[in-house]
Structures are given as structure tokens and as C-alpha cells.
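Summary of structural features
As a plain string of letters, each chain reads:
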Amino acid sequence: MTFDVLVVGGGAAGLTAAAYAARAGRTVALFERQARLGGLVQSVERDGFVFDMGLRAVENAGIVLPMLEELGLRLDFVRSPVSIGIGNDLIRVDSEASLADYRDLLVRTYPDSAADVDRIMALITRIMRDMDVLYGIDNPLFKDLMADRRYLFGTLLPWMFRFVVTIGRINRMSGPVEALLDELTDDDGLKSIIGQHFFKGTPAFFAMSYFSVYLDYLYPRGGTAALMGLLEGYVRERGVDVRTELPIVGVDPEARTVSDRDGGVHGYRRLIWCADLKTLYRAIDAAAIADPRLAGAVAARRAELEVSSGSDSVLSLFLSVDEAPETFAAISEGHLFYSPDARGLGDLHTRGLEELLARHADEPLPEEPAKAYLDAYFARTTYEVSIPVLKDPALAPPGKTGLVVSTLFDYRLTRRIQEAGWYDAFREHAADAMTAVLDARLYPGLGAKVLSRFTTTPVTLEAYTGNADGAIVGWAFDGARMPAVHQMQRVARSVLTPMPDVLQAGQWAYSPGGVPMAFLTGKLAAERAGKGRR
Ligand SMILES: Cc1cc2nc3c(=O)[nH]c(=O)nc-3n(C[C@H](O)[C@H](O)[C@H](O)COP(=O)(O)OP(=O)(O)OC[C@H]3O[C@@H](n4cnc5c(N)ncnc54)[C@H](O)[C@@H]3O)c2cc1C
């Protein structure tokens, strides 16, 4: 059968693309390699504890709520307030006024650098104003401008002028956050503590805007996957032909067919690829393309992507704890960004890691030097701690608490450990080390109260989603060239590929990625798929 729209990948982007294509009356098929839809957004239940395996909470970003409204979907969200902590000092972030508390936390921690802290705060304040412009209105792409004249004339048109001014300022701050921090302070601890919240090379504007993001977090009751469940219900109800456990392994852009792992061949008028992009180009036999211009364009794009890497990934520890939620609520909100050591990582995770990998480049990575690196890393990195039961009391058995603890983690290191044959020992070591740090610095007695635990690593994420390098938001920022659109005013182009009937969406299409941009590009791709041939 030939479908009007064939979507590959059932994550946030794929579900959105399928939803909008079906809403427009097209015949739609959705292929997903795993048994479950949702991609990186998964919540699992273990012995009464619900853990969010990927996304811990979602930012509205002027996109998520307007999109659900446009699709006529309702979800029970609660706010997901954030705490920030360094050592024994924690603050709760509940409004813009909390920025003053953040400033005081940094000054208490780095008293000799108070003037630098104030300079950084002034910049964050300015960027928060810009964020109010960028995300302060419901995204116009999710509005019916003809029907909603009040929004068009009262909100959108006045906003457009401010947007044009703001976007220029944002584009001028697209350099890496590390370079910006170097300009603002010489204090290595201060630089590290702010910078290590982010992927290496994160654009400065994006990083410095994060305080606004903290105020924008929502949590779907039942777990983050409830958001994906809602979209899945929508696409199934509208007759989308959903095929799970069926990866697409071949794409013929001239015949306009895809082939699945079991040898099935499926026709499409438009293909929307919402999965790992290297996989797409590896699935195309460029040598078999008859049109030489198309063959050249596909081969060039493939070569560009092959030398690009995915972003840093994450290592996560999931703990079921025999301790009441109230104990944790007394310490922080249910979403905490915590750095145990005011010195921060310094150059441990950059120069230190490169030296470790280079020193043992020609042999399996030995356990002892690597474990010394890991112990230093876990003692000084920043953790994102999510406590689902503090957002929804139904997410843990009575009197008990589930913790999701994660830190940014290098894919290559994980892979080298796996190749050296001590991956299981590494996971145990990481779980022990992370628990010990939290026990000593944040939750006294935690180690003795753990009922059960498990971990996921960058390799787990790669195996589950097929995402290159276990990436969680698409391309690395520190590569020579960003192989995706990364300027908001060009977002409509992010869904295009060199192949006229093949569109792309999701975290690999626009950078920085994330759920809101997966939704936005999914919708843009579906709309583009409904138009004439390019
Ligand atoms: C721990 C963690 C924390 C995060 N925190 C945030 C956050 O705070 N804010 C935020 O916005 N984002 C966050 N993210 C990122 C966010 O979850 C992702 O960017 C987003 O979900 C990506 O959606 P996607 O549809 O583009 O890709 P994916 O979710 O990767 O979906 C791709 C899908 O394609 C499938 N697939 C792959 N290859 C094939 C094939 N050949 N055939 C068929 N199917 C295939 C995969 O199985 C997968 O289901 C986080 C992610 C993680 C893991």
C-alpha cells in the first residue's frame, strides 16, 4: 500500500507529525523500532515506583500547551518547581524574584567573586527579558490566525517587532557558553558550576536563559510518558497505521518506498523521518540513485553527518528508597540541580578525560585509572535529581520515595569501558559512587535505605533509540559545524532534506533539540508534507 505520509520514529516528533498529518485527512503509517512509542520520553513502573527514564519534566516554551489545545487534547499538568544547590546550600526557585536568591547562593559560595556574580546576574536578567519575547506568547504556528483575530492583532503583530529586535541579539550570543564565562570571570569554580549544567559548547544564549526554563517546567500527572500516551491515543483514534517493533532499514527516495527489517516494502507520497539521521542516510543506497544531482546531494549530506557526533549523553541512577517523601520535600523541590563540590569539574571532563582516553588509546581502557577519573567526576559533577512522588503522590508506594539521579556523561568513555569488558562493573561502580556522594552531601543515611536500584548509560540510550552516541538532544555543539538549522527564524527550513519527498523532524533537525522543538518540527514537517512537490 502507498501511504500519503509515512512517518519513521515514534518519539515526540514522529507522534506529532503523524497526528497533524492524520488531522489533515491523509492516510498515515507510523513505523517504530521499539515495542513502545515515545522514544526518549518513557516512564516505567517497578514495584509501585514510577520512574521517568528520559525527560524529567517538560518546558511549555509557548509550544506544548498551545499544541495540545490545537489538537483538542487535555492533560493534567502540575508545576514542577526547581531547587538549585551547591554543597550544603540549597535554594528554591519559585518566581523571577528567586534570581536574587541564586545570586546570594553564588556569592555565599564564591565571596571573592561577588562582582563577577553580579555581572553574570545582570546578563541573565537581560536574557530573561529576551526569553519573555521569544516564548512569552503562544507560538503562532499553533494558532489559527484567520479565526483568532484578537490574537493576530492584539498579540502577534505587536510581538513581531520585538521579536525581530530580540532575535538579532540572540544570534549574536550563539558562541559557546564556556567562552562567555571566560569573559565574565576568572574564578574557575564559579565558571565550572554555571557551565557544567550544560552540554559542552552549548550556545551562550541558550545556557544563560536556563533560569527562565526553570520557571517553565510542567509535570504530567502519571509521569512524563503520559504526554506521549495522549498523542498515541490521538493518532490511533484517527486511524494511523501504527507498526511497532518494525525498524525501517532501507529507503529508496526515487521509488518512494521504504523497506522494513522483515522485508516488507511500503510506498509513500511523503516520508517524514523522525529518527536518527545517520540511520536515514545509511539506509539509502546513493549509488543506486539514477538522478546524478540527487545522488550527489545525498552522498554529500551523508558524508557531512558521518563526521558529526551526537551531543553529550546522560548516566542515570534510579533508586527505590525506604524513606518518606516528606524527608526529601524538606530538603528540596521535586526537581533539583545539585553540585556537591564548589570547585566544580574544572577541566576534569574536558582535558582530563581526553588525556585519559589518549593515554590508553592503543589498549583496552584499564579499570584502575578510569575508576580514579570516575570517582573524581562523580564527586564534582552536577546532578539533576527528579523525585516523581513529590509532583504526583501516586508515583510511589505509601511512605516510600523513588529518586531519578542523572549527570551528563561522555559516550566515548562508556563505549571504551564496554569494549574493555568491564561495563557491568562500571555500572555498579557508578551507582555506588553516586549514592555515596548523595549520602555524604545531601541525603544522610540514603545508602542504607535503598531498596533497589538500576542504571542507564549513554550506551543504553543508543541501544534503545538508535540515536548516534546516545545523544539526547541531537547534535553536539562543539563540532566543527552544526549540521542542523539552529536559528529560530529559519526553523521552517529545518524539516527539509536534499530529497524532494523526504522531510525530517525532531532532535536531529533543529538544534538545540528537546521536546518543544520536536513538537514544532513534527508539525512543520506534516504541514510541508501536505503541500505540493518541492
Ligand atoms: C534524561 C533525559 C532528560 C531530558 N531532559 C529534557 C528536558 O528537560 N527538556 C527537553 O525539552 N528535552 C529533554 N530531553 C530530550 C528529549 O526527551 C528529546 O530531545 C526528545 O524526546 C526527542 O524526540 P524525537 O522524537 O526527536 O527523538 P526520539 O525520542 O529519539 O525518537 C526517535 C524514535 O525513532 C525510533 N527509531 C529509530 N530508528 C528507527 C528506525 N530505523 N525505524 C523505526 N523507528 C526508529 C526510536 O526507537 C525512537 O522511538 C531529555 C532526554 C533525556 C534522555
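Notes on the structure follow. Note that the coordinates shown come from a computational prediction; the quantities given were computed from them, not determined experimentally.

Reading the values: rules and limits
- Residues numbered from 1 in each chain as written.
- Predicted model: local features only at pLDDT ≥ 70, side-chain atom pairs only at ≥ 80, totals over all residues.
- Heavy atoms only, no water.
- Helix = DSSP H or I, 4+ residues; strand = E, 2+ residues; numbered from the N terminus.
- Buried < 20%, exposed > 50% of the residue type's maximum accessible area, 1.4 Å probe, protein only.
- Pairing = 2+ DSSP bridges.
- Axes fitted to C-alpha atoms, helices over the stretch in contact; angles between N-to-C directions.
- Left-handed = near helix turned anticlockwise from the far one by under 90°.
- Contact = heavy atoms within 4.5 Å.
- Nonpolar A, V, L, I, M, F, W, Y, C, P; charged D, E, K, R; others polar.
- Near = heavy atom within 4 Å.
- Polar contact = N/O pair within 3.5 Å; in protein donor to acceptor, adjacent residues only side chain to side chain.
- Areas by Shrake-Rupley, 256 points an atom, 1.4 Å probe, with all protein chains shown as cover.
- Domains from an automatic or database assignment.
- Salt bridge = Lys/Arg side-chain N within 4 Å of Asp/Glu carboxyl O.
- Core = buried A, V, L, I, M, F, W, Y, C linked by side-chain atoms within 4.5 Å.
- Patch = residues over 30% accessible without salt bridge, like charges linked within 9 Å, V, L, I, M, F, W, Y side chains within 5 Å.

1. Overview of unusual backbone geometry
- In this chain, serine 511 is followed by proline 512 through a cis amide linkage whose omega measures -5°.
- Here proline 512 shows up in the loop between strand S19 (502-504) and helix H21 (515-529).
- Positive phi is not limited to glycine here, since aspartate 47 has a value of about 50°.
- Residue position: aspartate 47 is located in the loop between strand S3 (43-46) and strand S4 (49-52).
- Even without glycine at this site, arginine 256 takes up a positive phi of about 55°.

2. Considerations on the pairing of strand S17 (residues 401-409)
- With nine of its nine residues buried, S17 lies for the most part within the structure.
- Sheet analysis places strand S14 (residues 313-321) next to S17, joined by nine bridges and oriented antiparallel. Residue pairing for S17: leucine 315 is matched across the bridge by threonine 407.
- By the bridge criterion, three bridges tie strand S16 (residues 383-386) to S17 in an arrangement that is antiparallel. Bridge pairing in S17 places valine 385 opposite valine 405.

3. A closer look at the packing of helix H1 (residues 12-23) against helix H2 (residues 64-71)
- Between H1 and H2, the shortest axis-to-axis distance is 12 Å and the interhelical angle comes to 30°. For the crossing formed where H1 meets H2, the hand is left-handed. From H1, Thr16, Ala19, Tyr20 and Arg23 reach across to H2, where they touch Met67, Glu70 and Leu71.
- Taken together, the residues that form the contact of H1 with H2 break down as four nonpolar, one polar and two charged.

4. Regarding the site of the ligand
- Neighbouring the ligand are 33 residues, the closest being Glu32, Leu40, Glu59, Gln507 and Val515.
- Between the ligand and arginine 33, the relevant distance is 3.1 Å, taken from a nitrogen atom to a main-chain nitrogen or oxygen of the residue.
- Starting from 1000 Å² of accessible surface for the ligand in isolation, the protein chains cover 96%.
- Counting only elements with at least two residues in the shell around the ligand, the list comes to H1, helix H20 (458-465) and H21.
- A class-by-class count of the residues in the shell around the ligand yields 18 nonpolar, eleven polar and four charged.
- Structurally, the shell around the ligand is a two-domain feature, drawing no fewer than three residues from each of domain 1 (2-44 + 224-309 + 475-529) and domain 3 (312-468).

5. Observations concerning the pattern of salt bridges
- Under the defined criterion, the tally for this structure stands at 35 salt bridges.
- A salt bridge links lysine 400 to aspartate 322; its shortest N-O distance comes to 3.7 Å. A residue pair is termed long-range when its members are at least 10 positions apart, and lysine 400 in the loop between helix H16 (388-391) and S17 and aspartate 322 in the loop between S14 and helix H13 (325-329) qualify at 78 residues.
- The partly exposed category is assigned to aspartate 322, whose relative accessible area is 39%.
- Linking glutamate 323 and lysine 449 is a salt bridge whose minimum nitrogen-to-oxygen distance equals 2.5 Å. Of this pair, glutamate 323 sits in the loop between S14 and H13 while lysine 449 sits in helix H19 (residues 446-449); the two residues are 126 residues apart in sequence, bridging distant segments of the chain.
- Here the residues in one salt-bridge network are Lys200, Asp312, Glu354, Asp410 and Arg412, joined through shared partners.

6. A closer look at the nonpolar core
- With 105 residues, the main nonpolar core has Tyr102, Leu106, Ile272 and Phe519 as its most contacted residues.
- Dropping the residues within four chain positions of it, leucine 106 is found in contact with Ile86, Val117, Met121, Leu190, Ile193 and Ile194.

7. Quick look at a nonpolar patch on the surface
- On the surface, Phe153, Leu157 and Met160 cluster together into a nonpolar patch covering about 280 Å² of accessible area.
- Residue placement: phenylalanine 153 occurs in helix H5 (residues 149-172).

8. Observations regarding the sheet that holds strand S9 (residues 217-220)
- The strand order across the open sheet formed by three strands is S5-S9-S6, and the pairing between neighbours is antiparallel. Strands at the two margins of the open sheet, each flanked by one partner only, are strand S5 (58-59) and strand S6 (77-79).
- As paired strands, S5 and S9 are joined by two bridges and run antiparallel to one another. Note on S9: the bridge partner recorded for glutamate 59 is tyrosine 217.
- Contacting S5, S6 and S9, H2 runs over the sheet at an angle of about 160° to S6.

9. Brief notes about the sheet that holds S16
- Within the open sheet, the seven strands sit side by side as S8-S7-S15-S16-S17-S14-S18. Their pairing is mixed. Lying at the two open borders of the sheet, with one neighbouring strand each, are strand S8 (89-93) and strand S18 (450-456). Taking the axes of each pair of neighbouring strands and ignoring which way they run, one obtains an average angle of 20° across the sheet.
- Here six bridges tie S14 to S18, and the two strands are oriented antiparallel to one another. The residue of S18 that forms the bridge with valine 321 is valine 450.

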